[in-house]
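# Geometric and topological summary
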Amino acid sequence: MWGDIDDMLALAGLHALQERGEAKILAITSSMADKWTASYIDALDTFYGHANIPVGLVRDGVVPPAQWSGDGVPMAAGAQMYTQYVSNLRKPDGSFVFPHRLVDGSKAENPVQLLRRTLAAQADGSVVMIGIGFSTNFARLLDSKPDRYSSLDGTELVKRKVKLLSVMAGRFADETYGGETLHKDRPEYNIRKDIPSAKRLFERWPTPIVVSGSEIGFTMRIKGSDIESKFNYVQNHPVVVTYRYMDQTYRTGATANAALHDHKTFDLTAVLYAIRPNDGYFSLSPAGRLIVGPTGLATLDESTGGNTRHLILDDAQRSRVLEAMTLLASEPPPTISRKANSKQ
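### Some points on the side chain of Thr 118
- On the secondary structure map, Thr 118 appears in helix α4 (residues 111–120).
- Judged by its relative accessible area of 12%, Thr 118 falls in the buried class.
- The residues contacting Thr 118, other than those within four sequence positions of it, are Leu 26 and Ala 27.

### A word on unusual backbone geometry
- In this structure, Asp 60 takes a positive phi of about 55° despite not being glycine.
- Mapped onto the secondary structure, Asp 60 falls in strand β2 (residues 55–62).

### A few points about the pairing of strand β4 (residues 162–168)
- In terms of burial, β4 is largely enclosed, as six of its seven residues are buried.
- Looking at chain direction, strand β3 (residues 127–131) and β4 are connected through five bridges and run parallel. Opposite Val 128, over in β4, you have Leu 164 as the bridge partner.
- Bridge analysis of β4 against strand β7 (residues 209–212) gives four bridges, and the strand direction is parallel. Along β7, the bridge assignment pairs Ser 166 with Val 210.

### Thoughts on the nonpolar core
- Met 8, Leu 9, Ile 227 and Phe 282 are the most contacted members of the largest nonpolar core, which totals 67 residues.
- At the level of elements, α1 (6–19), β1 (28–32), α2 (35–47), β2, α3 (82–87), α11 (238–250), α12 (266–275) and α13 (315–329) are the ones that each hand at least two residues to this core.
- Take this core: its biggest share by element is eight residues, from α1.
- Apart from residues lying up to four places away in sequence, Ile 227 is in contact with Leu 9, Ile 222, Val 239, Val 240, Tyr 243 and Leu 260.
- Met 129, Val 158, Ala 198 and Phe 202 belong to the second-largest nonpolar core, a separate cluster that totals 27 residues.

Rules behind the numbers
- Residues numbered from 1 in each chain as written.
- Predicted model: local features only at pLDDT ≥ 70, side-chain atom pairs only at ≥ 80, totals over all residues.
- Heavy atoms only, no water.
- Helix = DSSP H or I, 4+ residues; strand = E, 2+ residues; numbered from the N terminus.
- Buried < 20%, exposed > 50% of the residue type's maximum accessible area, 1.4 Å probe, protein only.
- Contact = heavy atoms within 4.5 Å.
- Pairing = 2+ DSSP bridges.
- Core = buried A, V, L, I, M, F, W, Y, C linked by side-chain atoms within 4.5 Å.

Right, dumping it as structure tokens:
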């Protein structure tokens, strides 16, 4: 949750799945070492009516670059990223436009401690973990030692408590969209930014893993027109404010001047599979071992079996998946829905 904005849409969709009774968000950790990511996550959780979700922030992890460039015009060096801009947005009276308790994100909990405490309190084999960023926090969880929360080390704790890891990482097919080509022989961003952690994660994770390669979300774009029309149930929506703030950075020549750009859905796919694995949204590759090379290039070795599969999306599934992700991400929080109904 820092540069790209599909993380934001993925979290919005996850909140909707919680309201539908399909999931319960136990904890969220940020793998970008920037305090505003924790504040932003907390503001988004609060907007969706789940202000008590604990948030962890990585220490000594990947740090933000001085300048971020999406698909279009790069942000100026030193410009505020959306996490800071939206978290700190104020009304004329000085109060936050999007209230949150974690005003100083640097005070967020240590992520490994948070993950251990959370997992230890859950029933065996009951937890689904979703990775939509760098592997840092999860790899360090595997490395962790017994503590006051559990007598198990990290690997054994995961083995006992977690039934599935759904992670957005890697590239497993060449894809072209709107004249832009994604090459499977080039390292994917989430892995490339912390290669040692990715290697440890995929070598040692003890439960089933399903990987959503970047080619899946690359070919499905949430429409900018849907951002304008489906999130307008409230005057100030953090998704809309964020999307508009980052629009110039992600615009391409194919985007009409008057319209918001259409955005890739990388992380939304990992969330959708994690919570609805049996709904036929995706197909799966054969099982194998995900091998992370020295440059961050990931390949699935299916020759000896293993615990990892990757998502496969065909043309018949594509429209249904995009519709589901758009519907979930744009679903109003229950408090806003009740207010709207009370005015009718």
